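These are the residues of each chain, in order.
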Amino acid sequence: MTDNDTLDYESLLVADFGRGQSRAYLLEQVAGAFRFVAKAEAPTTADLPFEDLAIGWAQLLRQLEWTTGRAISLRDGVIQPQAANGDGVDGLLVCTSLPDPVRVAVLEAGTSPITTPLLEAIKRAHTRVFHVVAPGGRKDGGWAAAQTEALRQFRPEMVILIAGSNHAEALPRVIQVVKQTTVVGSIARAVVIADDQAQEHGLTAFGASVRARSISPVTKQPAEIAADLERELLEAFRARASTPDFKHIVAGATGEILSRAHAVDLVNRFVARRFGRRVVTIGIDDGVHAHWASPDDGTLATIPNVDLGAGISGLTDRDVEEAKTWLPFEASTDELITWVLNRAIRPWTLPEHPRDLAIEQALTRQIARRAIAEITRTQPLALSACDLVIGGPAFARWNQPGAAALALLDCIDAVPNEGVVDLALDQDGLMAVSGVLGTVDPALASNVFEYDALIHLGSAVVIGGSTHEGDLACRGEIHYESGEMAQFSVAAGSVEILPLRPGETATLVVRPERRFSVGGNAAGKTVTLADERKIIGGLVGIIIDARSRSVANGDKNRAQKVKQWLDAVNGVTPPAARRFA
Amino acid sequence: MNVNYPHREPLVVRNHELRVIRRFSGDPEIRVRAGERLSPERIIARTDPADGAVHVPIADQLGIAPQDVAKSLMRPIGSSFAAGEVLARTRKGLRSVVVTAPVAGVLLLLDEATGTALLAPGNGGEIPALIPGDVEFVDGRQAISIRTVGARLLGIVGLGEPVRGPLRVLANKPDEELQASQVTPDLHGAIVVGGAWASAAVIRQLVEVGATGLITGGFIEKEIASLLPSVTDDRLALWRVTPGARAIGDEYMRGLALVATEGFGPLPMHPAAFALLQEYQGREAVVFPATRVVGQLLRPEIIIPEPDALDEDGQTTIAAYVEGAAVRLIDQAYLGQHGVIAGVPRRRQCADGPAVDIIDVELSNGKRLTVPLANLEIVA
């Protein structure tokens, strides 16, 4: 990228409309680079009592104008292009998670190469997916009845029926489910991906009330079919978003309107390719979204109906029960259920009290772990290969970097192969902004991401293996670039912090005990993190995590242990090492 | 969504201009026109009875084959049943097994393939206005806006169908638990005001005596859940809006409208809310309990209409963060506490963290707190 590539846009405004909160970002050329300048955030006004998105949008623009001291809008909209006096912007870009996700059911009979790319494509298009594979054996075991009931409750708006190879036993079951589900009346469209008789049977099953069409897997490649359906669903998403007030705001917008999760996914993949990282990004905002990418692969897991706002009641009581594992105090399930229900009816409230913050942090882990579990279902080795974990704005709003770092480690809950994982926060939601910007100008998006998007929390060195709690897990020393050196030792089952300021680098030598290892290295092998693998400091410092995996496994002193971990990362207890020359 | 949704008005108002949106599901036949004056009994729409019908899985509950269900019915299809009346009965050895009607209504049909009966609640799909007022506009077949004048209290969570009846305040103080000894047969048809909360046993007693509604400060989740059919093992399932459902618990709660004014837990009712209900003791009130916090927002409302004031202009007010305004705190740590605004809104920036709009509040116990605007509601 050269500076000349980025001169077309002097400034850009990016709107991000969410169901609870909306945000506006001002980006501008600053000293030859495209930078994030200001952000405004306010409640979305699409619902009652306002029922007009434009009211909140006007408020966002006023906030931006007040912050930057320049005019951005006139009565009839955003001033475009930017005037000589600096007023206005050169373009408006939009992403949104406002519309309800389209509910898509994927019913599979037999095995088909289409399923994997199709599911990936559907998830990018702001959808809720119900995916089942019909059993191929002779005995049904009540499968059709159970799936019919579940599917009726899901109320699919679109059904995709895939008949792959060896569908002889499974297809009649899928057909039965389809026939019994169409009576609910929620299905508007259907696609049958099959050949010959299976295609005919599939189309007939939907009846006359459903707009059904067929695609032959012989004439089209799987990727082509997936792309077609993704396009169709994206159109449905955009049509659903296009309320009159939304259309009015985006009338002068540049580029295509993306869903927030899709925009973040684009950047997540960019980070993996550009920096050769294996990265996981977790966003909890209008649903929970976990993105994983390596330099040559990537996937997205999305659960649109579970989050920390109104969607918190999307958690099951079992999730809530398990959330006790992450609390630094004893709490009853009844108390937590009451907490969840009160949050669900007043989703906009902000936790201020330490107890509320701790409960929100515990539930955040449960929510994120659900999405992460989806990732591991399709990419079983994703987490152990991961070397960068990014938390979205939900992790930043606690204003406790240490707690955020620990939450991210607990969400991943794996010993990384390399032993080290970097932790970062996308505090302002700039990954979504970069994603939308990337559809117009990838170079500008790269600028914004590299300069402004992430706050580095620190690196975590994860010690694998386990013996009795309190036994020595590792010793080591840290050599600062200033020439200072500090020694440390970490006990099994604990978390310790080594101070290292943001941007500062250090060489770390870790000597694990006989039954412990640094990540996937051999047990007892000393690992030196130097040169290219040099450790970079962050808001928290370096975390030496010697807890046995899975971290979710609780025991009788669990609350006390969680408190110790939180005290360590939040700086309540002194760090494991003191710097001395 | 915004604080004080969905009206931008304080939670407690008197002699006020009110707009009630009656939303309908399905494809109803609208029976009124814009400009028409409505009495509470006036039928405003008629829906297909099957739309709101309750599915009663008789074969499952009796443990018999679906084709045998017809023989076990107490009365033929088309008959009316009272809530709790025996719908079907069979013998299991020496004992009788029965299925009762979960709601008063008409037995519409019996699906012999599954052994499930359809019971249409109430009066066969006819929807009365419940509230006196003037039809402002008719939004196709979806909704009707009714303008009325009166007092209104906004709740926060509710279950059940809209009901009408005289207000009966049983609690002496807003923090009292409603006791079984307070439930008497003369509560038939009444909307009962408890204090902080009521147990499942007390609520069952209210159903038995024929009360139409119950207003308390809080809901105890376990108590409410024990009243409802256990359709799932997940305790949170009841409180989700499922696809296609109009409101929280839409398909579960029948027979009694329940409203909590403060939230979940044994929470005392706000004194201003309690005072309003006491003031209108014995007056005809209407409870709209539907609650929905995603998509089309709905919040429970208790309205005491003033039919004689319909030809006059009521007051109009907007909830505003002004000094002296009565507020309640709604974040979990302070839920149930109340006070007055003691300053003007300002912005707090925590280091590099997010900016938060905050305000000072003087609590009723004299303590002064600085709280985010998001964590309070303007009561009056």
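Residues numbered from 1 in each chain as written. Chains lettered and ligands numbered in written order. Predicted model: local features only at pLDDT ≥ 70, side-chain atom pairs only at ≥ 80, totals over all residues. Heavy atoms only, no water.

Peer 1: I would appreciate a short explanation of the overall build of chain B in the present structure.
Peer 2: Within chain B one finds five helices and 28 strands. Taking 380 residues into account, the globule formula puts the C-alpha radius of gyration at 21 Å, and chain B, at 22 Å, falls close to it. Evaluated residue by residue, chain B yields a buried proportion of 53% over its 380 residues. Considering only contacts within chain B whose residues lie at least 6 apart along the sequence, 65% involve residues at least 24 apart. (Helix = DSSP H or I, 4+ residues; strand = E, 2+ residues; numbered from the N terminus. Rg over C-alpha atoms; globule rule 2.2 N^0.38 Å. Buried < 20%, exposed > 50% of the residue type's maximum accessible area, 1.4 Å probe, protein only. Contact = heavy atoms within 4.5 Å.)

Peer 1: Quick question: what am I supposed to make of the interface of chain B and chain A here?
Peer 2: Interfaces are often sized by the accessible area lost when the parts come together. On the chain A side, the residues contacting the 47 residues of chain B number 44 residues. Taken together, the two surfaces of chain B and chain A that pack against each other cover about 3,800 Å², and 58% of this comes from carbon and sulfur. Inspection of the chain B/chain A interface yields four salt bridges. For the pair chain B and chain A, the interface holds 14 residue pairs in polar contact (both at pLDDT 80 or more). Elements supplying a minimum of two residues to the side of chain B that touches chain A: helix H4 (221-225), strand S20 (257-264), strand S25 (346-349) and strand S27 (368-372) of chain B. Here the element with the most residues in the side of chain B that touches chain A is S20(B); it accounts for four residues. Tallied by class, residues from the side of chain B that touches chain A come to 21 nonpolar, 12 polar and 14 charged. (Buried area = accessible area lost by both parts, 1.4 Å probe. Salt bridge = Lys/Arg side-chain N within 4 Å of Asp/Glu carboxyl O. Polar contact = N/O pair within 3.5 Å; in protein donor to acceptor, adjacent residues only side chain to side chain. Nonpolar A, V, L, I, M, F, W, Y, C, P; charged D, E, K, R; others polar.)

Peer 1: Can you walk me through unusual backbone geometry in this structure?
Peer 2: Outside of glycine, negative phi angles account for most residues, and trans bonds account for most peptide bonds. Residues and elements named next belong to chain A. In the segment running from Gln80 into Pro81, the intervening peptide bond is cis, with an omega of -10°. Examined against the element boundaries, Pro81 turns out to sit in the loop between strand S5 (77-78) and strand S6 (92-96). Of note, the amide linkage connecting Arg549 to Ser550 takes the cis form, showing an omega dihedral of 0°. Within the fold, Ser550 resides in the loop between strand S26 (541-545) and helix H17 (558-569). Phi at His126 takes a positive value of approximately 55°, unusual for a residue other than glycine. You can see His126 is positioned in the loop between helix H2 (115-124) and strand S8 (127-133). One non-glycine residue, Asp531, lies in the positive phi region at around 50°. Inspection of the secondary structure assignment puts Asp531 in the loop between strand S24 (527-529) and strand S25 (535-536).

Peer 1: Quick question: what am I supposed to make of the nonpolar core here?
Peer 2: Note on soluble globular proteins: their nonpolar side chains tend to be buried together. Core analysis: the largest hydrophobic core is formed by 94 residues, its most contacted members being Ile282(A), Phe395(A) and Trp239(B). Considering each element in turn, this core owes the most residues, 10 residues, to helix H11 (residues 354-378) of chain A. Setting aside chain neighbours within four positions, we find Ile282(A) in contact with His289(A), Ala368(A), Ile372(A), Val389(A), Ile390(A), Gly391(A), Gly392(A), Phe395(A), Leu408(A) and Cys411(A). (Core = buried A, V, L, I, M, F, W, Y, C linked by side-chain atoms within 4.5 Å.)

Peer 1: Teacher, can you tell me more about the layout of surface pockets here?
Peer 2: To find leftover empty space, a probe the size of one water molecule is rolled over the atoms. Residues and elements named next belong to chain A. Of the voids in this model, the second largest pocket is the one considered here, and its volume is about 890 Å³. Along the wall of the second largest pocket there are 28 residues; nearest its centre are Arg277, Leu388, Asp422, His456 and Ile536. Of all the elements in the fold, those that place two or more residues in the lining of the second largest pocket are helix H8 (260-275), strand S17 (420-425), helix H16 (442-453), strand S18 (455-464) and S25. In terms of residue count, the dominant contributor to the lining of the second largest pocket is H16 (five residues). (1 Å grid on protein atoms, 1.4 Å probe; cavity = no way out; pocket = protein on both sides within 12 Å on 5 of 7 lines; lining within 4 Å. Points joined across faces, edges and corners; volume = space filled by probe spheres on them.)

Peer 1: Hey, could you run me through the state of the cysteines in this one?
Peer 2: As used here, a disulfide is simply a covalent bond connecting the sulfur atoms of two cysteines. Applying the stated criterion across every chain, the model contains zero disulfides over all chains. Not engaged in a disulfide, the cysteine Cys411(A) finds its nearest cysteine sulfur in Cys386(A); these two sulfurs lie 11 Å apart. (Disulfide = S-S within 2.5 Å.)

Peer 1: Before we go on, may I ask you to explain the packing of aromatic side chains in this structure?
Peer 2: Two aromatic rings are characterised by how far apart their centres lie and by the angle between their planes. All names here are of chain A. What the rule picks out here adds up to 10 aromatic pairs over all chains. Arranged with centres 6.3 Å apart and planes meeting at 85°, the rings of Phe270 and Phe449 form a pair that is edge-to-face. Taken as a pair, Phe270 in helix H8 and Phe449 in helix H16 lie far apart in primary sequence, 179 residues in all. Note on Phe270: relative accessible area 22%, which makes it partly exposed. Summarising the aromatic geometry, the rings of Phe395 and Trp398 are spaced 5.8 Å apart at their centres and angled 65° between planes, so their arrangement reads as edge-to-face. Pair check on accessibility: Phe395 and Trp398 agree, each one buried. Here the aromatic residues Phe17, Trp57 and Phe246 are joined through ring pairs into a cluster of three or more. Sitting above the plane of the Phe329 ring, Arg355 keeps its charged end 4.1 Å from the centroid. In this structure, Arg547 packs its charged tip against the face of Trp565, placed 4.6 Å from the ring centre. (Phe/Tyr/Trp six-rings, centres within 6.5 Å; stacked < 30°, edge-to-face > 60°. Lys NZ or Arg CZ within 6 Å of the ring centre and 35° of its normal.)

Peer 1: Is there a simple way to think about the sheet that holds S8(A) in this case?
Peer 2: Working definition: the strands of a sheet are paired by backbone hydrogen bonds and lie parallel or antiparallel to each other. Residue and element names in this part refer to chain A. As summarised here, the arrangement of the five strands in space is S8-S7-S9-S10-S11, forming an open sheet in which the pairing is parallel. The strands lining the two open edges of the sheet, one partner per strand, are S8 and strand S11 (211-215). Mean inter-strand twist for the sheet, computed between neighbouring axes without regard to direction, equals 15°. Sheet topology places strand S7 (residues 102-109) next to S8; seven bridges connect them, and they run parallel. Its bridge partner being in S8, Val102 is matched across the sheet by Thr127. Along the sheet, helix H4 (residues 170-182) contacts S7 and strand S9 (158-163); its crossing angle with S7, the most-contacted strand, is approximately 150°. Packed on one face of the sheet, helix H6 (residues 222-241) meets S7, S8, S9, strand S10 (189-193) and S11 and runs near 175° to S10. (Pairing = 2+ DSSP bridges. Axes fitted to C-alpha atoms, helices over the stretch in contact; angles between N-to-C directions.)

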